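Architecture at a glance
The residues making up each chain are set out below.
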Amino acid sequence: SENAIKWAKFADDKLAILLYPNITRSFGESLQAFSYIKKVDSFNSFEKYSNLMIGSFAMWMAQGKIKKKYGIKDERESLQKAISLWTNEIKGRQFLGQNEPNLGDLCIFGCLRAIEGLDAFDDIMRDNVELDKWYKRVVKVLEYEPII
């Protein structure tokens, strides 16, 4: 539907962009976001540690440039406003697609799933009860296991 395409575009053009500065607000959060590198089997311990430190530092340094490029003053406030647009759209419904997730649901879900297990995800879900309920409904329908 046209509405599903609108929200898929929103996920790409707005939500995904807002997530980056929210997972890299501090060096600690950048470390958390880049910690997947520790699971790369082809890296030895030195490569894992050096990539973790250098990659996390680079991510943390880049977040200011991303914020400037997209005119983001307060990353959490901007993300909360974007989330509110979504939760207002799905208010009173199980999903954007009514009884089952549609393209819009899946695109928003995909963005959020990418940060599951990070502090930013926990903060977003704690501060947005309706989003958390919707997210859990999508997980159930898609039969996904939590990432952590």
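First things first, this report covers the structure right here in the doc. All of these numbers come straight from a predicted model, not from anything done at the bench.

1. Section: the state of the cysteines
- Evaluation of the coordinates by the stated rule reveals zero disulfides.
- Cys107 takes part in no disulfide bond, and the closest cysteine sulfur to it belongs to Cys111, at a distance of 7.3 Å.
- Since its relative accessible area comes to 13%, Cys111 is described here as buried.

2. Overview of the pattern of salt bridges
- Following the criterion strictly, the structure yields 11 salt bridges and no others.
- Across the salt bridge formed by Glu130 and Lys133, the nearest N and O atoms sit 3.8 Å from each other. Of this pair, Glu130 and Lys133 both sit in helix H7 (residues 129–142), separated by three residues, roughly a single helical turn.
- Here Lys133 falls in the partly exposed class, since its relative accessible area comes to 42%.
- The partner of Lys136 in a salt bridge is Asp132, and the shortest N-O contact between them spans 3.0 Å. Taken as a pair, Lys136 and Asp132 lie in helix H7 at a separation of four residues, close to a single helical turn.
- Shared partners join several salt bridges into a network, and the residues in it are Arg76, Asp123, Arg126 and Asp127.

3. A closer look at a nonpolar patch on the surface
- A cluster of nonpolar side chains, contributed by Leu106, Val141, Leu142 and Tyr144, occupies part of the molecular surface with about 320 Å² of accessible area.
- Following the sequence through the fold, Leu106 ends up in helix H5 (residues 103–113).
- Overall, Leu106 belongs to the partly exposed group, its relative accessible area being 37%.

About the thresholds
- Residue positions are given per chain, counted from 1 along the sequence in the order it is written.
- Owing to the predicted nature of the model, reporting of local features is limited to residues with pLDDT of at least 70; listing and counting of side-chain atom pairs is limited to 80 or more, with chain, interface and lining totals taken over all residues.
- Derived side-chain values reflect all non-hydrogen atoms in the structure, with water molecules and hydrogen atoms excluded from consideration.
- Any cysteine sulfur atom paired with another within 2.5 Å is treated as part of a disulfide.
- For each residue, the accessible area found with a 1.4 Å probe, counting protein chains only, is set against the maximum for its type, and the residue is called buried under 20%, exposed over 50%, and partly exposed in between.
- Basic side-chain nitrogens of Lys or Arg form a salt bridge, by our definition, when they fall within 4 Å of a carboxyl oxygen of Asp or Glu.
- In this description a helix means any DSSP run of H or I spanning at least four residues, a strand means any run of E spanning at least two, and both kinds are numbered starting from the N terminus.
- A patch consists of residues whose relative accessible area exceeds 30% and which take part in no salt bridge; residues with like charges are grouped when within 9 Å of each other, and nonpolar side chains (Val, Leu, Ile, Met, Phe, Trp, Tyr) when within 5 Å.
- Surface accessibility follows the Shrake-Rupley procedure with a 1.4 Å probe radius. Residue values consider only the protein chains on display as shielding.

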